There are 2 protein chains.
Amino acid sequence: MPEPPRRQGTILVVDDDDVSRMMMESVLRRGGFASILTARSGEEALTILSGITPDCVLLDVVMPGIDGFEVCRHIRATPRTAGVPVIIQTALDGAKDRQNAFRAGATDVLVKPLEAYELIARVSVHTANRMMTARLEEYHHRMEAELEEAQGLMAALPPDTERLEEFRALGIAFNDHLRPSSAIGGDYWTAWPFEDGRVGFFAGDVSGHGVSAALRAFLLHSLLVPPPTFAEDPVLLAAHLDRRIHQAFQGSRHFVAGVIGILDPVDGVLAYVGGGFRDGFIRRADGSSESVPLSGLPFGLVPDMPRSVRVRPLVPGDALVLFSDAVVEIADHPDAPADADAFRLWAMAMIAQENPPLDQLAQRLGDRFAERFGDHVSDDLMILSAAITRPPDMP
Amino acid sequence: MPEPPRRQGTILVVDDDDVSRMMMESVLRRGGFASILTARSGEEALTILSGITPDCVLLDVVMPGIDGFEVCRHIRATPRTAGVPVIIQTALDGAKDRQNAFRAGATDVLVKPLEAYELIARVSVHTANRMMTARLEEYHHRMEAELEEAQGLMAALPPDTERLEEFRALGIAFNDHLRPSSAIGGDYWTAWPFEDGRVGFFAGDVSGHGVSAALRAFLLHSLLVPPPTFAEDPVLLAAHLDRRIHQAFQGSRHFVAGVIGILDPVDGVLAYVGGGFRDGFIRRADGSSESVPLSGLPFGLVPDMPRSVRVRPLVPGDALVLFSDAVVEIADHPDAPADADAFRLWAMAMIAQENPPLDQLAQRLGDRFAERFGDHVSDDLMILSAAITRPPDMP
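In the nomenclature of an unreviewed UniProt entry, chain A is known as Fused response regulator/phosphatase of Azospirillum griseum.

Next up, the structure:
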């Protein structure tokens, strides 16, 4: 007789009949299973199950005390064992028993008398399935925990509450809505104050997806915070990003679509360099809106890219709104905005209707957008608003 | 009759008998399955399977032409469908058929005449299992691809071949052995040249594991490359790292265990600041060795930590060897080095025996270590050597 294959997994055999139990154990051993536990009653099975999670349970129905159905229900009701396959053995004429077995949560039902070949085949299939699923589940849980921690790190990159208060004292109310898709990604913004009361910012999207995009976003963050000494000139800062990102991402054809801006609440000016980001818009105090083109080569694509600054007036009551691709890349909803202009119109209609406070623009837009189209968003979603709330404190 | 639960998944029913096939389809529909495909022959089944991957196949054995066993073997032999559960129906007296069904790779065998309840129960169990497993497998593949890309980004952080040649021209042969564990992690080293022919380096390990550690390593990298202007003073660079890492990791209680060093091949000196890294060693040209203590608070734990520089002579023929925790954290191998001194002795014995070229020290040590203890290494493994190969070019 050829040596049977060695089979992984622990099998629990439960039967009050000594001959049946020993027969099953012997068949399973000959079939290659080395780790077999046995219980002579439902009570004994539950005791074993309280300490051990087998990979398959082979269960007799009719036993004095706790019967097979009850053991099965207990296994299904206990989270730790809920996924363990349970094979219930019934008598040949027990159609009602088979039905009850499935009702109790059995994975499979075996008809007595058992054929050795079939017993091994069924236990093997269920045990192998279970072990593979358990491995995949373990991986899933481990990665989700890792990604959750990484998401926390990503979420901590934008300015914290204290920093936002600092900006508010300067007359600028930043407000964001960040909703990561299931995996981490590369949507990112940050801002930094200058000594003269102006505030610099960057908002953008690192190309690629998932973990790699997050790694690149971390690198980008380190280029901006703390800002280099020349950061008050957006052209110099853009050249710095182009050079450093190109160097760091070299050969990977990755880049950062975004915008560098400097808000000057004293002179009422926004100066910015667009780098291939979605066009934003300014919501004016009088209720009108205008598009803010952010076209241009993404940062880091070419190291010595000539860039020019564009300026816009931005006075108390005005708000700049920026957003990532996720907002206009919803293919499967008929009412979803198809481009940046469509999103601006959608946003302006929402603002006209609800008149949200200027310092909550991004959150409110994001919430309404998520209510309406949330199920269809597959990318990280970022909306950022920067409102000029009041004339700045004068010395 | 209560409404049956809606069940997900596509079932393929294969039977040449019209009545049987329609009966099974009807039972499954009443059981809540909405997506059911049918085939009247093995040939038709294979045609359907060439374009569609069902979540469960219900298969008659005896059919003219290609029979059920052959269809089942085809499903198992095709990678795309290999995991699809196959339920084969056999006649009640067909013990041999049941055995052949399992031999052909059947997941389950159903005895005719079929009970409606049992048919639904078995198809439901197998379909639900399959769909969950497929989802988990899809997740696993997607994450592995993401992590592989991220591993590539991590692997690109240390100096590239061109940069290593530059160091070699200065008289310093860096050599590394980096073996990431399955997930990405935080082992990291880099080096940068100064204009006067000295070379700065950092080697270390970011606390934590997996994706988050990799994110932190990226941030660390950006603090070191390009090096700040004051990087030729290791105490100033250490203060910079302490401050910036503390700021960036704030609240997370994470830090970087490592060493900042400056190699001066002209004056034959290593100047370094240890930051809680495993003690390295110097392998002298005369075959002796000495430990290089790298104790001290890890970088970033405290922002204003007074640090002092230690110095060692390092002349042509000498090599500094640094290594990460993975080398001395192998619990389950009786011969594994238990601490940095034990690793030094193991390494010196290996070097004495094989006499590897000085510019391949780390690779050779790493390869031998992996051969010997590789299966027991569960963390990222880094060994780094920096050998002074020759007196530098004099002007």
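Still more to cover.
Our focus in this paragraph is the environment of Trp192(A). Residues and elements named next belong to chain A. In this structure, Trp192 sits in strand S7 (residues 187-193). Spatially, the C-alpha atom of Trp192 lies 31 Å from that of Ala145, the residues being 47 residues apart in sequence. Leave out the neighbours within four places in its chain, and Trp192 touches Arg163, Phe167, Arg198, Val199, Gly200, Phe201, Phe202, Leu224, Pro227, Ala231 and Leu237.

This paragraph deals with the UniProt feature "modified residue: 4-aspartylphosphate" (unreviewed entry) in chain A. All names here are of chain A. UniProt's entry tags Asp60 with the feature "modified residue: 4-aspartylphosphate" (unreviewed entry), counted in the numbering of this structure. Tracing the chain through its elements places Asp60 in strand S3 (residues 56-60). Non-local contacts of Asp60, meaning those with residues more than four positions away in its chain, are made with Val14, Asp15, Asp16, Gly68, Gln89 and Lys112.

In many analyses, interface size is given as the accessible surface area lost on bringing the parts together. Contacts between chain A and chain B engage 44 residues on the former and 44 residues on the latter. Between chain A and chain B the total buried area reaches about 4,300 Å² when both faces are included, carbon and sulfur atoms providing 64% of it. Counting the surface chain A buries against chain B, the share from its top three residues, Tyr117(A), Tyr139(A) and Leu215(A), is 16%. One can count eight salt bridges joining chain A with chain B. Glu149(B) serves as the salt-bridge partner of Arg216(A), at 3.5 Å between the closest nitrogen and oxygen.

This part is about the relation of the copies chain A and chain B. The operation relating chain A to chain B is a screw motion whose rotation component is 180 degrees, with 0.1 Å of axial translation and a residual RMSD of 0.1 Å. This pairing of chains is accounted for by a two-fold axis. A share of 100% of the interface residues of chain A reappears at the interface of chain B, consistent with the copies meeting face to face through the same patch.

We now examine a nonpolar patch on the surface. Among the surface-exposed residues, Leu297(A), Leu301(A) and Val302(A) lie close enough to one another that they form a single nonpolar patch of about 190 Å² accessible area. On the secondary structure map, Leu301(A) appears in the loop between strand S12 (289-292) and strand S13 (310-313).

Further remarks concern the packing of aromatic side chains. Applying the stated criterion across every chain, the model contains 24 aromatic pairs over all chains. Consider the rings of Phe369(A) and Phe373(A), whose centres lie 5.0 Å apart with planes at 55 degrees: the pair is tilted. Taken together, the positions of Phe369(A) and Phe373(A), both in helix H10 (residues 361-373) and four residues apart, correspond to about one turn of that helix. Judged by relative accessible area, Phe369(A) falls into the buried class, the value being 0%. Residue classification places Phe373(A) among the buried positions, given a relative accessible area of 0%. Residues Trp346(B) and Phe369(B) carry aromatic rings whose centres are separated by 5.5 Å and whose planes lie at 90 degrees to one another, so their mutual orientation is edge-to-face. With Trp346(B) in helix H9 (residues 340-354) and Phe369(B) in helix H10 (residues 361-373), this pair connects stretches of sequence that are 23 residues apart. Here Trp346(B) falls in the buried class, since its relative accessible area comes to 16%. Among the aromatic residues, ring-to-ring pairing joins Phe281(A), Phe323(A), Phe343(A), Trp346(A), Phe369(A) and Phe373(A) into one connected group. Sitting over the ring of Phe194(A), Arg198(A) keeps its end group 5.5 Å from the ring centre.

All names here are of chain B. The antiparallel open sheet is built from five strands, whose spatial order is S7-S8-S9-S10-S13. Each edge of the sheet is formed by a strand with only one pairing partner; in this case those strands are strand S7 (187-193) and strand S13 (310-313). Each strand of the sheet is rotated relative to its neighbour by a mean of 20 degrees, with strand direction disregarded. Note: strand S10 (residues 269-275) against S13, four bridges, orientation antiparallel. Looking at S13, one finds that Ala271 is bridged to Val311. Relative to the sheet, helix H6 (residues 161-169) contacts S7 and strand S8 (199-206), its axis offset from that of S7 by approximately 55 degrees.

With that out of the way, let us pick up the nonpolar core. Ranked by size, the top nonpolar core spans 66 residues in total, and within it Phe202(A), Val211(A), Phe202(B) and Val211(B) carry the most contacts. The residues contacting Val211(B), other than those within four sequence positions of it, are Met143(A), Glu146(A), Leu147(A), Ala150(A), Ile184(A), Val211(A), Leu147(B) and Ile184(B).

What follows deals with the pattern of salt bridges. One pass over the full model with this rule turns up 56 salt bridges over all chains. A salt bridge links Arg168(A) to Asp359(A); the nearest nitrogen and oxygen atoms lie 3.1 Å apart. You can see Arg168(A) sitting in helix H6 (residues 161-169) and its partner Asp359(A) sitting in the loop between helix H9 (340-354) and H10, a full 191 residues away along the chain. Across the salt bridge formed by Lys112(B) and Asp60(B), the nearest N and O atoms sit 3.0 Å from each other. In this pair, Lys112(B) sits in the loop between strand S5 (108-111) and helix H5 (116-155) while Asp60(B) sits in strand S3 (residues 56-60), placing the two residues 52 residues apart along the sequence. Residue Lys112(B) is classed as partly exposed on the basis of its relative accessible area, which comes to 29%. A relative accessible area of 4% places Asp60(B) in the buried class. Residues joined by salt bridges that share partners form a network here, namely Arg98(A), Asp108(A), Glu115(A), Glu118(A), Arg122(A), Arg98(B), Asp108(B), Glu115(B), Glu118(B) and Arg122(B).

Residue and element names in this part refer to chain B. Here we have five strands laid out as an open sheet, ordered S6-S15-S14-S11-S12, and antiparallel in their pairing. Every interior strand has two partners, whereas the edge strands, strand S6 (172-179) and strand S12 (289-292), have only one. In this sheet, adjacent strand axes meet at a mean angle of 20 degrees when their direction is disregarded. Relative to strand S14 (residues 319-323), strand S11 (residues 280-283) runs antiparallel, the two sharing three bridges. Directly across from Arg283, in S14, lies its bridge partner Ala319.

So, how was this worked out
- One numbering rule holds for all chains: residues counted from 1, following each sequence as written.
- A letter from A marks each chain and a number from 1 marks each ligand, given out in the order of writing.
- Only residues with pLDDT of 70 or above have their local features reported here, since the model is predicted, and side-chain atom pairs are shown and tallied only from 80 upward, although totals for entire chains, interfaces and linings are computed over all residues.
- Note: side-chain values were computed over all heavy atoms of the structure, leaving out hydrogens and water.
- For helices the rule is a DSSP run of H or I covering at least 4 residues; for strands it is a run of E covering at least 2, with both sets numbered from the N terminus onward.
- Only heavy atoms enter the contact rule, under which two residues are in contact if any of them lie within 4.5 Å.
- UniProt positions are given in the numbering used here, feature names are shortened, and annotations may be inferred rather than shown by experiment.
- Summed over both partners, buried area is the accessible surface (1.4 Å probe) that two parts give up on being assembled.
- For this document, the term salt bridge refers to a Lys or Arg side-chain nitrogen within 4 Å of an Asp or Glu carboxyl oxygen.
- A least-squares superposition brings the copies together, and it is based on the C-alpha atoms of residues with pLDDT no lower than 70 in both.
- Patches here: salt-bridge-free residues with over 30% relative accessible area, like charges joined within 9 Å, nonpolar side chains (Val, Leu, Ile, Met, Phe, Trp, Tyr) joined within 5 Å.
- Note on areas: Shrake-Rupley with a 1.4 Å probe; residue coverage comes only from the protein chains shown.
- The pairing test for Phe, Tyr and Trp rings, Trp by its six-membered ring, is centres within 6.5 Å, and the orientation test on the planes gives stacked under 30 degrees, edge-to-face over 60, and tilted for anything in between.
- Burial classes: relative accessible area under 20% of the type maximum marks a residue as buried, over 50% as exposed, and values in between as partly exposed (1.4 Å probe, protein chains only).
- Only when the NZ of Lys or the CZ of Arg is both within 6 Å of the ring centre and within 35 degrees of the ring normal is a charge said to sit over the ring.
- Two strands are counted as paired when DSSP detects at least two bridges linking them.
- In this analysis an axis means a line fitted to C-alpha atoms, helices contributing only their contacting stretch, and an angle means the value between N-to-C directions, from 0 to 180 degrees.
- Definition used in this section: a nonpolar core is a set of buried Ala, Val, Leu, Ile, Met, Phe, Trp, Tyr and Cys residues joined via side-chain atoms within 4.5 Å.

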